[in-house]
Every structure is written in C-alpha cells, then in structure tokens.
Amino acid sequence: MTSSPALGDLLTSYVRRFPGERGGLEQLLATADPSALPRVAGPGGLPYAVRCSAMVLGRSLRVLHVQQTAGGWVLPGGRWAQAEQSLMAVALRALAEQTGVQPGWLCLTPQLLAEVLDVEVAAAAAGTDEGHEVELRFVFHTVADQPCLRLPSDRRAGAGWIPLDEVPSARLREKVVAAGLTGRAEPLNASALIHDGRGRYLLHLRDNYAGIWEPGAFSLLGGGRDPKDQSLEDTLRRELAEEVPGLQLTQVQPYCVEDVVDVHGLATPIQIFAGRWNGDVDQQPLTEGVLLRWFTTDMLHRLRLLPSTRDLILRHAAELSAISAVPARSGPSDETATVEDLDAEVTVSEDVKEHVAAHRAPAAAADALIRNDQGHILLVNPCYKPGWDLPGGMLEDEGPEHAVAREALEELGVPVDVGRLLAMDTVPAHVYGRTLVAYIYAAHPRGPIDPTKLVLQDEEITAAGYFPEAEALALLPAPLRRRLARALEAERSAHTAVLLDGRPAARSKRDHYALLPSPMVAATVVLTDEQGRVLVLQPSYKQHLELCGGMVEAAESPAEGAAREAWEEVGWRGDVGRVVAVDTSSGTDGRYGRGLACFLFAPAPLTEAEVDALVLGEEVASARWLPRLQAREVLPRRLAARMDAALDARTAGTTVHLSAGRPDVPALRTPTMADAALSAEEPHA
C-alpha cells in the first residue's frame, strides 16, 4: 500500500517532475529534512506554515471546492498540526471536516500515487507575524460517481463541484490535463491469486511492523504500482521478483478487481491476477515477509486473513469446482481445466462454424427513424422499388445497429448515433419467399441535416426529405406503414414493439399490460425548512437548477419514488406525505416524445437537526436554501410554478392539477395518422 512521503521527499520528487519551479522552492529544499514532518524556518526566521489541500476530481471532470466567507471558491484544506501523522492526513482531515467527503469514497491516482500535483508558496502578508505559507496539493479520484457533500447551513460554508475548465487556477487546470487525470478510479495495486490446480492457494505472511498495511496477516503476493510500470501485469511481475525471486509464473490472467482500504482510509482498487504454479515453497528465497505456505480452503478460517481475501479464494475455488464438474471435452488433455482456461472453453470448433455458416437463416433488414427539430421524419425515395422508405437496408455479416449506421452513411453521407430498438418485425416466408426480420432503431444525427444538401447514393436513392408523421405514414407502403406506426407507438412508450408482419405478436396478458403505451411518471419533493426557505439543487448533469426528485421506477408508486429520490439526492429519509399537486403534459410538446405526469409532494418543514443531517448525493453538485421568492426567480418557469402550487396546496389542504405548469384544463390531443393506422387494425368494441 502507498504511504505518504515526508515534506522533503515530496519536494525533491516534485522539482524532479517540474524543474522549472525549483527556484521558488530552493530555500525549502535547502532546509527541509526529508525524514521530518514540516518544521521549516522561512524568510526572517519565521516558520513556514504548511497547508495541505485535497483536489478531488470526479468522473465528469468536476473539481470539489469549498466556498470562502468572501465568496470565492478554494480547494478544501488545512494547516499541519503537531498531532498529524502525515501530510496527506492533513488534507484528508480537512476535506472530511469541510465537505463531509470521507477517505473511503476516494482513491489515489495511478499517475501520481501519493505525490503532490502542485506546490505553491505564498509570501507572508505585510505587517503580520505570519510566515510564508507553502501549499501542497494532493489529488484524489472518486470511487463513486460523485461523493455525498454536506449541505451549507447558517453555521457552515458550502461545498460544490466546479467543471475543470472553470477552476479559478489556470495553473491547476494545465497540470490536471498534462498529468492525464481522468477522475475515474483505476487499480493501484496488483496481487497474484496463485493456486496449484488441486485446491491449494499460496499465501504470504506479512511482517508485523507498525505502520504497514495489515501487519502480521496472511495475504496474496503483490504490491503497489510504480509510475515506471507500463502495465499492472508489469507491477505484479516486478513485485513477485522483489518478494520471491525464484517464483516464476509463466502465464497470468486478470481475474477481478477488489477494493481494500489503505492506512489513510482511502479505497485502494487492486487488480487480481490468477496464475497456476506447482513449485516447492520451501525452496524459494523470501526477501519480504515471514513465510510462504500452501493452504486449502478448509484451513482459511484458522488464519488471520482479510474477509475480502477469504471470500475471493472461496469464489475462485467454487468456480474451479464448477468447471471440473463439466464433462471432459473430446480429445487429448493433459491437465485439469482452470479459470484461466475459460477463454479457451468458448472457442468454437470448425464443425460448429461450418454448421452455422451453412445454416439457412432469415434475411434481416434494419431501418433508422431519424427526426429533425420539428419532429418530422426523414424518408428516402429509392429508385429500385415504388414508394418512399426509411433510411436503412439489408444486413450484411454484421449486427443490426452497425447496419443502421453503415446504411445512413452509405445512402445519405450522414454519421448517426444509433439509439434504442423501437420495433422488431418478423415477416413470414410466404411474403418474400424467405423469412425476413426487420428492425427499426431510433437514430440521431450528429448535427442538423439539410435534405437538399445530402450526398445521396446515386444508384439507389433519388430524393430525401422530412415529413410530418401523418404525411410520412401516407407515403409508405402498407407493410412498412404498419411497422412504423407501431415503432412510433413504442417511441412514445417504454417498450420495443415485437411484431408479426407489422401486427403485434401474440403475448401473455401480463406482458400485454406491461407493454401498454404509457406516459412517463416523475415525482418531486418540495423541501422547506422552518424559516420557510426552499431547498434548490444544482444537478451535476444539468445546466439549470432543480427541485428534489426524479423519475419514478417501474415497480414504485409515486410516493415511493419521491421518498427514494429524496434519500438518494440529499440523504433525507422522511414521510413525503400526500400528493399536493399533479402536473401533466402530452407527448406533442416535443420535449420528450411522450406524455409526462409529475406528482408533487410537500412534506412538513424540516427541523434544524434534519437540515444539518442532509448530505448531497452523487448526482447533485451543490444545493442552497433560498427564500421562496428568490427560488421562484432562479428556477425554470415550469418548476417555479410547480413549487408555488405545491406549497399553496400544502397550506390550503387541497390538491392542484396543472397542465404543463399552468393551472388549467389540458387540451385533448388531436389524433394522428399513426393513431388511425393502429386503430384500423384493432377490433371495435
């Protein structure tokens, strides 16, 4: 496990990486004792104040900051105190105190490990007895998408996530990019799960020294990544050569990634490699630790061993047993199959390949449903058959998604991102002389399409254009019209249409109801405090402010979805109460392509203790308590209307119905050509 270097070691390594900054750190380098904690005399005999900061980089390349009383944003951090064990511990302690982020939610970066990203010296303020301040900036990646943050209160400053390109320090921005930091947790250590193929596992008894990871315990062989290692397998082989020079593994395979906690409480992802070896451990020189021994799984409970390591060995042994239970393959074999042989197990024989290649298979086609900003559908006019068509064509030796992208590029010269499958239609063999499986996928161009400027495939396409739904359906041949009508129904719902010659395939009653077209359902919780302020959130994935809430999942009621969202977003687990308002909208407003019903809840005001206990979830960058009038000004119009309706209904004891955020009766949706095409196929009651 990686330990935190002392001040002199950190500075020496830092100027080796940034030689251009040596001049500003010369005095520190000359006076810092590499083995001592920071007690360094600065200019004028005054001691340097050593500040240690934590730069937490999330997966979306957002950087955690805390707000100063003057209004600016800085990295969380604090000054070293005599009782601190290491410089990194200073940064982690301050981070937890100022933001609520715990070390176990973070890990070091493979690029820097325990080194610092940046060192900056600030001159002493004139007229004070303060010395110069040297700031050491450590970097951590998040293990989860985004750790929970404490919410600001009247007694505590706020914390929030700032996009990397908006970080105030250009120097830090440049160093993050230059170091190749991604914000994503990556394995920092490599360990070997070594077995003999007969149920025994090789374990290493560690030294019983204070300050090292898991002293006096049995563990797997392996160790920490070195910046010079080209890969984690290089890390493993280097560590094995250092610990047991005579142990040679001819082949290792990545098995899994396990998370453990290091001496600072940081998460440490470990890449586990599995390897087979049958050597005599008593003949192997051991340069680190106390001893090496083979153990069977029935002895593990007698050893001082991390539970995660015990579970790992038992899981691997169970997999080996499962493989051994499979009937032997035909042909010679001189050893028992192992987990490392799994890739070989899926190798297809030549006989099977020939059988599949010669098998008479259905023909397959894939089309793209492409819309413009007005919701109109893109059609093409092929020269080789009557009527208009969707962009697409026959599959070659490829998957349907690949075919959609290829055909769009070939026919129109347009790159598209292929979305979800809307319809799968099986056309019986009597129609074309061979069974045809036809797919319709949603496809999204990577920019606006001007049909007049498309590069059409000369030998196949004569024209292309966008048409409203009704007109597009009228232009298509009857079989494709039926198929597209069902795809449009699926587009407005949450299912894939499974069809037989353009008509719904037979299915059970349960599946029938599960796949009925339905609006989306959301739930919003308007949280207030005892001062009447409203909690307003800044999601990490949206530009605008939000109220607490989100989409209701398939198996939830609106109240259950509201309670779950409140817990996930701000850590509040309380009674959301009754529905105070419902806001509905049709699928014709172009926002989602489907109707939406949003249920609003306004529970009783949170107590001071409840407010202090709130923490921000992974998807929330920051949050503020705002007076209702101010919240109304900063929220989008529709959300502000929902907030007002919910709070007024809570006070009045009523329930309000809104339509697209307005308290009026929703207009009936005008039936479309797609509805007509569908209803024509259904028997009338």
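Just so you know, these numbers come straight off a predicted model, no measurement behind them.

Q: Account for the overall build of the protein chain, with residues named and values stated.
A: Per the secondary structure count, the protein chain includes 18 helices and 32 strands. In the protein chain, 68% of the contacts between residues at least 6 apart in sequence involve partners at least 24 apart. Carbon and sulfur atoms make up 53% of the accessible area of the protein chain, which totals about 33700 Å².

Q: Account for the confidence of the model for the protein chain, naming residues and giving values.
A: Summarising the model, the protein chain shows a mean pLDDT of 81, and 82% of its residues fall at 70 or more. Every residue in residues 666-670 is under pLDDT 50, and counting partners more than four places away or in other chains gives four contacts.

Q: I'd like to hear about the sheet that holds strand E23 (residues 497-500), residue by residue, with values.
A: The six strands are arranged E19-E17-E21-E20-E23-E24 in an open sheet whose pairing can be described as mixed. Bordering the open sheet on either side are strand E19 (392-394) and strand E24 (503-504), each of which pairs with just one other strand. The pairing of strand E17 (residues 363-369) with strand E21 (residues 436-445) spans seven bridges and is classified as parallel. Bridge pairing in E21 places Ala364 opposite Val437. Lying on the sheet, helix H12 (residues 478-491) is in contact with E17, strand E20 (416-427), E21, E23 and E24; it crosses E20 at an angle near 125°.

Q: Which residues make up the packing of aromatic side chains, and what values do they have?
A: What the rule picks out here adds up to five aromatic pairs. Here the aromatic rings of Tyr14 and Phe18 are separated by 4.9 Å at their centres, their planes lie at 45°, and the arrangement is tilted. Accessibility expressed as a relative area gives 0% for Tyr14, which makes it buried. Centre to centre, the rings of Trp277 and Trp294 are 5.9 Å apart; their planes meet at 25°, and the pair counts as stacked. Of the two residues, Trp277 is situated in the loop between strand E15 (267-276) and strand E16 (291-296) and Trp294 in strand E16; the sequence distance between them amounts to 17 residues. Cation over ring: Lys175 sits above Phe18, and NZ or CZ is 4.2 Å from the ring centre.

Q: Please set out the sheet that holds strand E28 (residues 579-585) residue by residue, giving values where relevant.
A: Spatially, five strands are ordered E27-E25-E29-E28-E32 in an open sheet, and the strand pairing comes out mixed. The open sheet terminates on both sides in strands that have one partner only, identified here as strand E27 (548-551) and strand E32 (656-659). Ignoring which end each strand starts from, the neighbouring axes of this sheet average 15° apart. Across the face of the sheet, helix H14 (residues 558-570) comes into contact with strand E25 (520-525), E27 and strand E29 (596-601) while running at roughly 120° to E27.

Q: Summarise the nonpolar core; cite the residues concerned and give the values.
A: The biggest cluster of nonpolar side chains holds 37 residues, and the ones touching the most others in it are Leu136, Phe138 and Phe140. Looking at this core, the elements that each hand over two or more residues are helix H1 (7-17), strand E1 (49-57), strand E2 (62-67), helix H3 (87-99), strand E6 (116-122), strand E7 (133-142) and strand E9 (159-163). When residues in this core are grouped by element, the largest group, six residues, is from H3. With residues near it in sequence (within four places) discarded, Phe140 still touches Ala54, Met55, Val56, Leu57, Met88, Leu92, Leu106, Cys107, Leu108, Thr109 and Leu266. Residues Val526, Leu596, Leu635 and Leu639 belong to the second largest nonpolar core, which totals 22 residues.

Q: Which residues make up unusual backbone geometry, and what are the values?
A: Look at Leu113: it is not a glycine, yet its phi comes out positive at around 55°. Position of Leu113 among the secondary structure elements: in the loop between strand E5 (106-107) and E6. Residue classification places Leu113 among the buried residues on the basis of a relative accessible area of 9%. Although it is not a glycine, Ala660 adopts a positive phi angle of roughly 55°. Take Ala660: it is sitting in the loop between E32 and helix H18 (673-679). The class of Ala660 is partly exposed, set by a relative accessible area of 21%.

Q: Give a detailed account of helix H17 (residues 637-652), specifying residues and quantitative values.
A: The terminal C-alpha atoms of H17, which comprises 16 residues, lie 22 Å apart, in line with the 22 Å expected from a rise of 1.5 Å per residue. Of the residues making up H17, those classed as buried are Arg638, Leu639, Ala640, Arg642, Met643, Asp644, Ala645, Ala646, Leu647 and Ala649. Where H17 is buried, its residues meet strand E26 (534-539), E28, E29, helix H16 (628-634) and E32. Gly653 sits one or two residues past H17 and shows a positive phi near 75°.

Q: I'd like to hear about the pattern of salt bridges, residue by residue, with values.
A: One pass over the full model with this rule turns up 40 salt bridges. The partner of Glu135 in a salt bridge is Arg51, and the shortest N-O contact between them spans 3.7 Å. Of the two residues, Glu135 is situated in strand E7 and Arg51 in strand E1; the sequence distance between them amounts to 84 residues. Exposure class is identical for Glu135 and Arg51. Each is buried. Between Glu489 and Arg486 there is a salt bridge, with its nearest N and O atoms 3.5 Å apart. Residue Glu489 and its partner Arg486 are both found in helix H12; the two are separated by three residues, about one turn of the helix. One continuous salt-bridge network, built from bridges that share partners, spans Glu21, Arg51, Asp118, Glu120, Glu135, Arg137, Arg171 and Lys175.

Q: Explain H3 to me, using residue names and the numbers behind them.
A: An ideal rise of 1.5 Å per residue puts 18 Å on 13 residues; H3 measures up with 19 Å between its terminal C-alpha atoms. Most of H3 is tucked away: 10 of the 13 residues are buried. At the exit of H3 stands Gly100, carrying a positive phi of roughly 85°.

Q: Go over the pairing of E25 with me, naming the residues and quoting the values.
A: Among the six residues of E25, five are classified as buried, and the element is accordingly described as predominantly covered. Bridging between E25 and E29 involves six bridges; their strand directions are parallel. Considered in E29, the bridge of Met520 is made with Leu596. For E25 and E27, the ladder comprises four bridges, and the chain directions are antiparallel. The partner of Val525 across the bridge, within E27, is Cys548.

Cut-offs used in this document
Residues numbered from 1 in each chain as written. Predicted model: local features only at pLDDT ≥ 70, side-chain atom pairs only at ≥ 80, totals over all residues. Heavy atoms only, no water. Helix = DSSP H or I, 4+ residues; strand = E, 2+ residues; numbered from the N terminus. Contact = heavy atoms within 4.5 Å. Areas by Shrake-Rupley, 256 points an atom, 1.4 Å probe, with all protein chains shown as cover. pLDDT = per-residue confidence, 0-100. Pairing = 2+ DSSP bridges. Axes fitted to C-alpha atoms, helices over the stretch in contact; angles between N-to-C directions. Phe/Tyr/Trp six-rings, centres within 6.5 Å; stacked < 30°, edge-to-face > 60°. Buried < 20%, exposed > 50% of the residue type's maximum accessible area, 1.4 Å probe, protein only. Lys NZ or Arg CZ within 6 Å of the ring centre and 35° of its normal. Core = buried A, V, L, I, M, F, W, Y, C linked by side-chain atoms within 4.5 Å. Expected span 1.5 Å × (residues − 1). Salt bridge = Lys/Arg side-chain N within 4 Å of Asp/Glu carboxyl O.

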